[in-house]
Amino acid sequence: MNPWLLWPLGIAAGIAGLLLLALWSVRRHRAPSLGIRCEGDMGSLMASLAGLSLGTVVQGNSAELVYDHAFFDAIEQDIRGARHSVHLENFLWKQGQVEARVGQALLEAARRGVRVRVLLDGMGGRRMSRPMRRELRRAGCRIAFFHRWSLRNLGVLTDRDHRKLVIIDGLTALVGGHCYTDAWLGDRAPALHPPAYDVSVRVRGPIVHALQGAFSENWAGETGELFAGDEVFPPLAPAGNIAMHAAYAKPERSAPAVKILHHAAICMGHRRIQIQNPYFIPKPEAIEALGAAVQRGVQVRVLMPSIRVTDNAVVNLAARRNFGKLLRCGVQLFECDKGLIHQKVMTIDGVWSAVGSSNFDDRSFDTNDELTLGIFDADVARKLDDLFEELLRCSRPVSLQEWEHRPLHRRLQEHVCYSLRQVL
C-alpha cells in the first residue's frame, strides 16, 4: 500500500477512536458502593430508599396484583372505562390476539373522544401490524416510537424504552412486566413456546401522578408534546393506606434510579430477600451485597426460568457464569421449568416489594429506561412470596457440585455469553 495513504487512514481511525472514547466517557457512571450502614427495619428505611432512588414516599395508595393473562382482561376493562385519557408505554408489541384485543379497546376509546397516546420502543414495537397502526391513527390515537432507527438517534440506539405502563384518566395505573404479544397469554396459548407468566400491579391514589410524570418524560422527548390539566393530572384523594415510591430517573454520571433501588434494598434486608427475575446477571458489587446479606443472617433466594424454557438462551448462559460465586456466598438459586417466568419482583423481609419492568442485569440497570414501584405493604409482599413458593413446586435448586462439574463446552459458552452482557 502507498505509504501516503496510511496518513489519512490513521487520522480517520484516530478520530473514530476519540469519538468512541467520548461516547463511552459521557455514558459511563460510577458503580454505587454497597457498603452502606442500614440500621432499622424497612418501614423506617423506606424514606432513605426512595430518596436514594430519586423519588419520594407517597402515602394513601391501593395496590392489586394482576397475574399472567388476567392482565389483558384488566387493561381492556380499564380502557373501556376511560373518560378522558389513556396513556400506554411498552417495550414489546406484536401482531396477534393480544394486539387485536387491546387495539380494539384503544380504538373504541379514541372514537368516543378519549385522548389516546401510545408510546412503544422503536425496536420492540416495530412489529405492530401496519393495518392496526393505520386504524389507530385514523381513529385519532397518537402513536410514537422511542429511539427509532435513524441517523439522528445513532448515539442512543442502544438505549431502549423497557418500561411497561398504562395510565387511565390519571387515576389508575398498571405497572409491571407484561408485554403485548400472544406469548403473554400463558396457559391460554399453549402452542407458543415458551409461554410467558408475569405480574403487574394496578394502583390508585396519589402515586399515579409520579407515574404520569414517568410517561410524560419519554412522550415529550419523542413528540415534544406536554400535557396538563385535570384530565391527565386530576386531584388524587387517598385510595388506600399503602405507601409507595417510583424509581425511573436516569441522571447523568450517576447510577440510574432502578439500579440504586435494587442494590440498596439488598443492603437493607434483615430476614429474607426473594428475587423473581427472568434475566438475573448481578454485577460483582451486587453479588458481594447478596453474600454480605447471607453473612448477617438473611435468607437469600432467587428464582429464574431454566434454560429449557427461557426465551433468551444467551442471557441464561451469561447468568450461569457467576452461579458459583453466588452459591459459595450462600445464595439459593432455583430454575423453574413452568415457562418464561417474566415477572421482575423482589421482596424484602415480607413487608416491602419491588414490582416493575427492570431485569436484574447490566442492560436494565445501566442502559434501558425502566420503571419500578417500591411498595410497603405486608399483604402485597405475602402474595408475591406465596407466588415464589408456588413456583418452587415446578423448579429445581441449583447445586454448587452440579455447577462445578458442568462440561467444558458449557463453561466456554457461559464465558462468551457473559462477555456480551452489556448488549444483551
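Keep in mind it's a predicted model, so treat the numbers as computed, not measured.

Help me understand the overall build of the chain in this model?
Scanning the chain from terminus to terminus reveals 14 helices and 17 strands. Computed over its C-alpha atoms, the radius of gyration of the chain comes to 22 Å, within 12% of the 22 Å expected for a compact globule of 424 residues. Its C-alpha atoms put the chain at 70 × 60 × 45 Å along the principal axes. For the chain, with 424 residues in total, the buried portion stands at 55%. Within the chain, counting contacts between residues at least 6 apart in sequence, those at least 24 apart form 81% of the total. Summed over all atoms, the accessible surface of the chain reaches about 18300 Å², with 56% contributed by carbon and sulfur. Here the chain carries 52 positive and 44 negative side-chain charges, and the mean point of each set is 5 Å from the other.

So what exactly am I meant to see when it comes to the nonpolar core here?
Counting 89 residues, the largest nonpolar core has Val102, Tyr180, Leu333 and Trp352 as its most contacted members. If you tally residues by element for this core, the top one is helix α7 (residues 257–268), at eight residues. In this structure, Val102 is in contact with Phe72, Ile75, Ile79, Leu88, Trp93 and Tyr180, ignoring residues within four places of it in sequence. One finds Leu165, Val175, Trp219 and Ile341 within the second-largest nonpolar core, a separate group that totals 40 residues.

Honestly, the packing of helix α3 (residues 70–80) against helix α4 (residues 97–111) in this entry has me stumped. Any pointers?
What describes two packed helices is the angle between their axes and the distance between those same axes. The N-to-C vectors of α3 and α4 enclose an angle of 10°; their axes lie 9 Å apart at closest approach. One finds that α3 runs roughly parallel with respect to α4. Touching Phe72, Asp73, Ile75, Glu76, Ile79 and Arg80 of α3 are Val98, Arg101, Val102, Gln104, Ala105, Leu106, Glu108 and Ala109, all from α4. The class makeup of the residues in the contact of α3 with α4 is eight nonpolar, one polar and five charged.

In this structure, what is going on with the environment of Asp187? I would like to understand it.
Position of Asp187 among the secondary structure elements: in the loop between β6 (172–176) and β7 (196–197). C-alpha separation for the pair Asp187 and Asp68, spaced 119 residues apart in sequence, amounts to 8.7 Å. A distance of 2.5 Å separates a polar atom in the side chain of Asp187 from a polar atom in the side chain of Tyr197.

Before we go on, may I ask you to explain the pairing of strand β9 (residues 242–247) in this structure?
Consecutive side chains of a regular strand alternate in pointing toward one face of the sheet and then the other. Most of β9 sits inside the fold, with six of its six residues counted as buried. Taking every second residue as pointing to the same face, both faces of β9 are buried, with Ile242, Met244 and Ala246 on one and Ala243, His245 and Ala247 on the other. Summarising the sheet, strand β1 (residues 58–67) and β9 pair through two bridges and their orientation is antiparallel. Bridging across to β9, Val58 finds its partner in Met244. Relative to strand β16 (residues 372–376), β9 is paired through five bridges, and the arrangement is antiparallel. In the strand pairing of β16, His245 is matched with Gly374.

Which parts of the structure should I look at to understand a nonpolar patch on the surface?
On the surface, a cluster of nonpolar side chains totalling about 330 Å² of accessible area is made up of Val314, Val416, Leu420 and Val423. Turning to its location among the elements, Val314 is positioned in helix α9 (residues 313–320).

What am I meant to see in helix α8 (residues 284–295) here?
Think of an α-helix as turning once every 3.6 residues; residues three or four places apart then point the same way. Here α8 is 12 residues long and its end C-alpha atoms lie 16 Å apart, about the 16 Å a rise of 1.5 Å per residue gives. Of the residues making up α8, those classed as buried are Glu285, Ala286, Ile287, Ala289, Leu290, Gly291 and Ala293. At its buried positions, α8 is contacted by α7, β10 (272–276), β11 (299–305) and α10 (323–329). Following α8 by one or two positions, Gly297 adopts a phi angle in the positive range, close to 95°.

Where do I start with the side chain of Asp182 in this structure?
On the secondary structure map, Asp182 appears in the loop between β6 and β7. Although Asp182 is buried, it makes no salt bridge; Arg101 carries the closest opposite charge, 8.0 Å away. There is a polar contact of 2.9 Å between the side chain of Asp182 and the backbone nitrogen of Gln97. Non-local contacts of Asp182, meaning those with residues more than four positions away in its chain, are made with Gly96, Gln97, Val98, Ala189 and Leu192.

Rules used throughout
Each chain carries its own residue numbering, running from 1 in the direction its sequence is written. Note on the predicted model: pLDDT of at least 70 is required for a residue's local features to be given, and 80 or more for side-chain atom pairs to be given and counted; whole-chain, interface and lining totals, by contrast, use all residues. Heavy atoms throughout the structure, all of them, feed into the side-chain values; hydrogens and water do not. The secondary structure listing takes helices from DSSP runs of H or I that are at least 4 residues long and strands from runs of E that are at least 2 residues long, numbered from the N terminus. For the radius of gyration, the atom set is restricted to C-alpha positions; the globular benchmark scales as 2.2 Å times the number of residues to the power 0.38. Burial status follows relative accessibility: with a 1.4 Å probe on protein chains alone, a residue under 20% of its type maximum counts as buried, one over 50% as exposed, and anything between as partly exposed. Contacts are residue-level and defined by heavy atoms, with any inter-residue pair within 4.5 Å sufficient. Only the protein chains shown count as covering a residue, and every accessible area follows the Shrake-Rupley method with a 1.4 Å probe. Only four residue types enter the tally: Lys and Arg on the positive side, Asp and Glu on the negative side, with His and both chain ends excluded. Where a charge lies is defined by one atom per residue type: Lys uses NZ, Arg uses CZ, Asp uses CG and Glu uses CD. Side-chain atoms within 4.5 Å link the members of a nonpolar core, which is a set of buried Ala, Val, Leu, Ile, Met, Phe, Trp, Tyr and Cys residues. In this analysis an axis means a line fitted to C-alpha atoms, helices contributing only their contacting stretch, and an angle means the value between N-to-C directions, from 0 to 180 degrees. Oblique is the label for every angle not falling under 35 degrees (roughly parallel), over 145 degrees (roughly antiparallel), or within 65 to 115 degrees (roughly perpendicular). Residue classes follow a fixed rule: Ala, Val, Leu, Ile, Met, Phe, Trp, Tyr, Cys and Pro count as nonpolar, while Asp, Glu, Lys and Arg count as charged, and any other residue, Gly among them, counts as polar. What qualifies as a polar contact is a pair of N or O atoms within 3.5 Å, subject to a donor-acceptor requirement within protein and to the restriction that residues adjacent in sequence count only when both atoms come from side chains. Here, a strand pair is defined by DSSP locating no fewer than two bridges between the strands. Patches here are clusters of residues that have more than 30% relative accessible area and form no salt bridge, with a 9 Å joining cutoff for like charges and a 5 Å cutoff for nonpolar side chains (Val, Leu, Ile, Met, Phe, Trp, Tyr). We define a salt bridge as a side-chain nitrogen of Lys or Arg found within 4 Å of a carboxyl oxygen belonging to Asp or Glu. For a helix, the expected span equals 1.5 Å multiplied by the number of residues minus one.

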